[in-house]
Amino acid sequence: MPNITVNAEPKTLPDPVTVADLLAHLGKDPKKLAVEVNRTVVPRAEHPRCRLADGDAVEIVTLVGGGSGQESGVRNQESARPVTPDSGLPPPDSLLRVGAFTFTSRLFTGTGKYATHDLMRQSMEASGCDVTTVAVRRERLFDKDGKSLLDFLDLKKLTILPNTAGCFSADDAVRHARLARELLLNLENPGASWVKLECLADKKTLLPDPVDTLKATEQLVKEGFTVLVYTSDDPVLAKRLKEAGAASVMPAGSPIGSGQGILNPNNIRICLEYLKDGDPDYPVIVDAGVGTASDVSVAMELGCDGVLLNTAIASAKDPVRMAWAMRYATEAGRLAYLAGRIPKKLYANASSPTEGLIAGTGAK
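We now turn to the structure provided with this report. Just so we're clear, the structure is a prediction, and the values are computed from it rather than from any experiment. (Residues numbered from 1 in each chain as written. Predicted model: local features only at pLDDT ≥ 70, side-chain atom pairs only at ≥ 80, totals over all residues. Heavy atoms only, no water.)

**Digging into the overall build of the chain**
What counts, and what does not: Here a helix means four or more residues in a row that DSSP labels H or I, a strand means two or more in a row labelled E, and each is numbered from the N terminus. Burial here depends on accessible area, computed with a 1.4 Å probe over protein chains only, as a share of the maximum for the residue type. Under 20% is buried, over 50% is exposed, and the range in between is partly exposed. Note on contacts: a residue pair is in contact if any heavy atoms of the two residues lie within 4.5 Å. To be clear on the numbers: accessible area is Shrake-Rupley with a 1.4 Å probe, and residue cover counts the displayed protein chains and nothing else.
Along the chain, the regular secondary structure elements total 10 helices and 15 strands. Looking at the chain residue by residue over its 364 residues, the buried ones come to 42%. Sequence separation of 24 or more characterises 65% of the internal contacts of the chain that already satisfy a separation of 6 or more. Of the roughly 20600 Å² that the chain leaves accessible, carbon and sulfur atoms contribute 52%.

Here it is as structure tokens:
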């Protein structure tokens, strides 16, 4: 009766015995295994002819998942979102809610800077957006041929978000918002009841004027507007704007049209903490500064509820392709945030389990 080791464990077997006999004795399917005897691989066809002798060392290996399962990405299994098996779709997500509005897409796009209105329409379709912003100024409403921008927007699908872009005082911003409401009431578009508020400080930086922004927010809320307010990434001002009644605070990732991405993610994190404290569904939408798809993903992975952009698509070499990229980046970033990223560590952490390693030289 030979005394052998199987995966470093001693075993005594009846004599004579082959590799095939050993696998049958252990109840193992040879199709799902590889066998080594004394550090020499024994092909499956040789199993019935390979006899084991006293002192032989047998290794039986199989394939395992790349991970021990001891550090699951889901910290609380009960909080994991349900997945529909074989659906081919990601797990379900909640709708984006801003005041009385609800949307499937978390990407808002603008209408400016496109070479043609038709290119704008194609890009908007590619982006999958439900909301688009329009500035209330004559030069934005009509092109050189006298065609209206609105002729190229699907008003049955899109909710128009009027924008007070270019306003440098609270009075001007409120005036533009009132005009936009009248225009959209005439069009019977639901966007008549809300406004994206911008009160800029100067033409060089296009940064918001905090005093006039807060003043205009208070006035527009009094007049019944659902106010989405563009602001800097100052957490204290963001908190004040919410307290003034803003339905959504929209911190800038970086200056408008700069394409610099999220310059200060820590400030965005603090804004999110302040704005969502006791109100986790309060919508925080990054507005301005993103340049490419990775910038959008960063914003969404931070926990922002959406991203509003214009220049990054309209001024890209291929706006339609970039619109698709922004669409997927929004979805990917949101999924990554909901999934919960692994913690960052200084040293390596093997993804394959260490249990069951084949005996060999030790690591240095």
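**What to know about the sheet that holds strand 2 (residues 9–12)**
Filter applied, for reference: By definition, two strands form a pair when at least two bridges between them are found by DSSP. Every axis in this analysis is a line fitted to C-alpha atoms, fitted for helices over the stretch in contact. Angles between the N-to-C directions lie between 0 and 180 degrees.
Read across the sheet, five strands follow the order 2-1-5-3-4 without closing on themselves; strand pairing throughout is mixed. The open sheet terminates on both sides in strands that have one partner only, identified here as strand 2 and strand 4 (40–42). Each neighbouring strand pair of the sheet contributes to a mean axis angle of 30°, computed without reference to strand direction. Summarising the sheet, strand 3 (residues 34–37) and strand 5 (residues 57–61) pair through four bridges and their orientation is antiparallel. Bridged to Glu36 within strand 5 is Glu59. Sitting on the sheet, helix 1 (residues 19–26) touches strand 1 (3–6), strand 2, strand 3 and strand 5, and the angle it makes with strand 5 is about 55°.

**Quick look at helix 6 (residues 235–243)**
Cut-off, in case you're wondering: Directions are taken from the helix axis to each C-beta atom, and the arc is the one they span. We define a polar contact as two N or O atoms separated by no more than 3.5 Å, with the added condition that, inside protein, one atom must be a possible hydrogen donor and the other a possible acceptor, whereas residues neighbouring each other in sequence contribute only through side-chain atom pairs.
Among all positions in helix 6, only Pro235, Leu237, Ala238 and Leu241 are buried. End-on view of helix 6: buried residues confined to an arc of 160°, all on one side of the axis. For helix 6, the exposed residues set more than 90 degrees away from the buried face come down to Val236 and Glu243. Buried-residue contacts for helix 6 involve helix 5 (210–222), strand 12 (226–231), strand 13 (248–251) and helix 7 (265–276). A distance of 3.0 Å separates the backbone nitrogen of Val236 from a side-chain oxygen at the start of helix 6, and that oxygen is part of Asp234. Positive phi shows up at Gly245, right after helix 6, with a value of about 110°.

**Looking at the side chain of Thr132**
Tracing the chain through its elements places Thr132 in strand 9 (residues 131–135). In contact with Thr132, other than residues within four places in its own chain, are Thr109, Gly110, Thr111, Met124, Leu153, Leu158, Thr159, Ile160 and Leu161.

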